[in-house]
Amino acid sequence: MVEKIEEIVREASRLMLTDHFRVDSKGGSENLVTSSDYAVQEYLCSKLSELVPGSSFLCEEEGMQDYGDHEYVWIIDPIDGTMNYTRGIRECAISVALKKDGELFAAVVYSPAAGEMFTAEKGKGARYNGNTIHISDRKFRDALFCTAWSTYRKEWAPVCMDIINDVYYRINDIRRFGVASLELCYLACGRCELYFEYRLQPWDIAAGSLILQEAGGILRTLHGKPLTYKCPELVIGANSEENFAELSSTIDRYIEETAY
Ligand code: LIP
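Because the structure is predicted, anything quoted here is derived from the model rather than measured.

(A) Fine view of the sheet that holds strand β5 (residues 93-100). Taken in spatial order, the 7 strands of this open sheet run β3-β4-β5-β6-β7-β8-β9, and their pairing is mixed. At either margin of the open sheet sits one strand with a lone partner, and together these are β3 (56-59) and β9 (131-133). Recorded for the sheet is a direction-independent mean angle of 20 degrees between the axes of neighbouring strands. One ladder, built from 7 bridges, connects strand β4 (residues 72-80) with β5; its direction is antiparallel. Bridge pairing in β5 places Val73 opposite Lys99. Against the sheet, helix α1 (residues 2-13) touches β4, β5, β6 (103-111) and β7 (116-121), its axis set at about 35 degrees to β6. Sheet contacts for helix α2 (residues 35-51): β3, β4 and β5; angle to β4, the most-contacted strand, approximately 155 degrees.

Here is the structure:
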C-alpha cells in the first residue's frame, strides 16, 4: 500500500514543478493557496480513490473536506508550506495519510525539491528514501526545537513567544521551517528533537505524526492527551518521553486550554 501511495505522490509532485501558478489568499496575506495546491489535490484524490474505492477525503483545500467517520479516510495537504512554495524556498511537501477504522495506517511525506521521501505503515516502522529511520537520543539540553508563532492568528503569537523564550535558554537552538509535516519527519530521522505549534490542522500533521511515531517519537496535544486528527489542535512532539515531559510541562505553565 505505501509503495503505491508513494508512486502516486511522486507523480502528483510533477504538478508543482512550474513557475506559472496563481496565488490567492484564504483570508489574510499569510494564508495562501496556489493553483498548484488545487492541481495536486485533484490529482491525488482521483488516483487515491481508484486505489481505495469508496474511501473519503479530508483535504486542506475546499471541496474535499469530509470530517465524518469512515472505514478509510485520506488526510491530505497537497502542498504543506505553501508560503515557502510561492517564494521558491525548497521546504515544502506533499503530505498524505490514510486512516483505517479511525487509526492512522499509512503515511507519505514527500519534499520534491530536496528529493526526500518519508513513509510509514502502522507497526512496520518509518523510512527515509527507503531506509529505516529512528529518532535521535539527544537530551533536552542538546535539542533543536521546531516551532512557529501562530502565523495565521497572530493574537496567539505572544503566548507562543513566551513558551519559546522559556524553552530557548534550556536547549541548543530553534528552527522555523514553515512546513509542519516535514518538520515532524525531521524529528523522525533525528535531525531535530522538539516540536510545538499552537494550532495545526489534521492535514498538517496526520502523515508526519505516523512517521514520527513509527520512528520511535511522540506526538500529542495539551496535557499529554492523544491527537484526534479531526479538528485544529495544539501539537507537541519530542524524540523521548523525558523530553516530551519537559516541553509539555513548560507549555502547561502558559496554556491551560486553547482559545479555540
Ligand atoms: C503551514 C504549516 C506550518 C504552519 C503554518 C501552516 P500550509 O501549512 O505547515 O508549519 O506554521 O501555519 O499551517 O498552510 O502551508 O499548508
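From this point, the discussion proceeds with the structure in view.
(B) Structural view of the nonpolar core. Membership of the largest hydrophobic core comes to 37 residues, with the highest contact counts inside it found for Ile75, Val109, Tyr195 and Ile211. Taken together, the elements giving at least two residues each to this core come down to β4, β5, β6, β7, β10 (144-147), α5 (180-188), β12 (194-200) and α6 (202-214). Not counting the four nearest positions on each side in its chain, Ile75 is found in contact with Leu58, Ser95, Val96, Ala97, Lys99, Pro202, Trp203, Ala206 and Tyr229. Formed by 26 residues, the second largest nonpolar core is a distinct cluster that contains Val9, Ile76, Cys92 and Leu98.

(C) Region of the structure containing the sheet that holds strand β14 (residues 233-238). Taken in spatial order, the 5 strands make up an open sheet running β11-β10-β12-β14-β13, and their pairing is mixed. The open sheet terminates on both sides in strands that have one partner only, identified here as β11 (173-175) and β13 (218-220). Shown here is a sheet whose adjacent strand axes are inclined to one another by a mean of 15 degrees, direction ignored. As paired elements, β12 and β14 share 5 bridges and run antiparallel to each other. Counted as the bridge partner of Glu197 is Val235 from β14.

(D) Geometry of the layout of surface pockets. What the largest pocket holds in volume is close to 580 Å³. Lining the largest pocket are 27 residues, with Asn31, Thr151, Tyr152, Leu200 and Asp204 positioned closest to its centre. Broken down by class, the residue content of the lining of the largest pocket amounts to 8 nonpolar, 8 polar and 11 charged. Of the pockets and cavities examined, the second largest pocket occupies roughly 300 Å³. Residue lining of the second largest pocket: 16 residues in total, with Leu104, Lys122, Gln213, Leu227 and Tyr229 positioned closest to the centre. Those elements that provide at least two residues to the lining of the second largest pocket are β6, α6 and β13. The residue makeup of the lining of the second largest pocket, split by class, is 7 nonpolar, 4 polar and 5 charged.

(E) Seen up close, the site of the ligand. Taken together, 17 residues surround the ligand, and among them Asp80, Gly81, Tyr152, Ala180 and Glu197 come closest. The contact in question runs from an oxygen atom of the ligand to an N or O atom on the side chain of Glu60, over 3.0 Å. One of the side-chain N or O atoms of Asp204 is found 3.3 Å from an oxygen atom in the ligand. When the ligand is considered free in solution it has 380 Å² of accessible area, and contact with the protein chains removes 94% of it. For the ligand, the cavity whose grid points lie within 2 Å of the majority of its atoms is the largest pocket. Contributions of two or more residues to the shell around the ligand are made by β4, α5 and β12. By residue number, the principal contributor to the shell around the ligand is β4, which donates 3 residues.

(F) Focus on the pattern of salt bridges. The final tally for this structure, using the stated rule, is 17 salt bridges. Where Glu246 meets Arg170, a salt bridge forms, and the shortest distance between an N and an O atom there is 2.7 Å. Placement of the pair is Glu246 in helix α7 (residues 241-254) and Arg170 in the loop between α4 (157-168) and β11, with a sequence separation of 76 residues. When its relative accessible area of 34% is taken as the criterion, Glu246 is described as partly exposed. Taken together, the shared-partner salt bridges in this structure form one network comprising Asp166, Arg170, Glu246 and Arg253.

Analysis parameters
- Residues numbered from 1 in each chain as written.
- Predicted model: local features only at pLDDT ≥ 70, side-chain atom pairs only at ≥ 80, totals over all residues.
- Heavy atoms only, no water.
- Pairing = 2+ DSSP bridges.
- Helix = DSSP H or I, 4+ residues; strand = E, 2+ residues; numbered from the N terminus.
- Axes fitted to C-alpha atoms, helices over the stretch in contact; angles between N-to-C directions.
- Contact = heavy atoms within 4.5 Å.
- Core = buried A, V, L, I, M, F, W, Y, C linked by side-chain atoms within 4.5 Å.
- Buried < 20%, exposed > 50% of the residue type's maximum accessible area, 1.4 Å probe, protein only.
- 1 Å grid on protein atoms, 1.4 Å probe; cavity = no way out; pocket = protein on both sides within 12 Å on 5 of 7 lines; lining within 4 Å.
- Points joined across faces, edges and corners; volume = space filled by probe spheres on them.
- Nonpolar A, V, L, I, M, F, W, Y, C, P; charged D, E, K, R; others polar.
- Near = heavy atom within 4 Å.
- Polar contact = N/O pair within 3.5 Å; in protein donor to acceptor, adjacent residues only side chain to side chain.
- Areas by Shrake-Rupley, 256 points an atom, 1.4 Å probe, with all protein chains shown as cover.
- Sits in = over half its atoms within 2 Å of the grid points.
- Salt bridge = Lys/Arg side-chain N within 4 Å of Asp/Glu carboxyl O.

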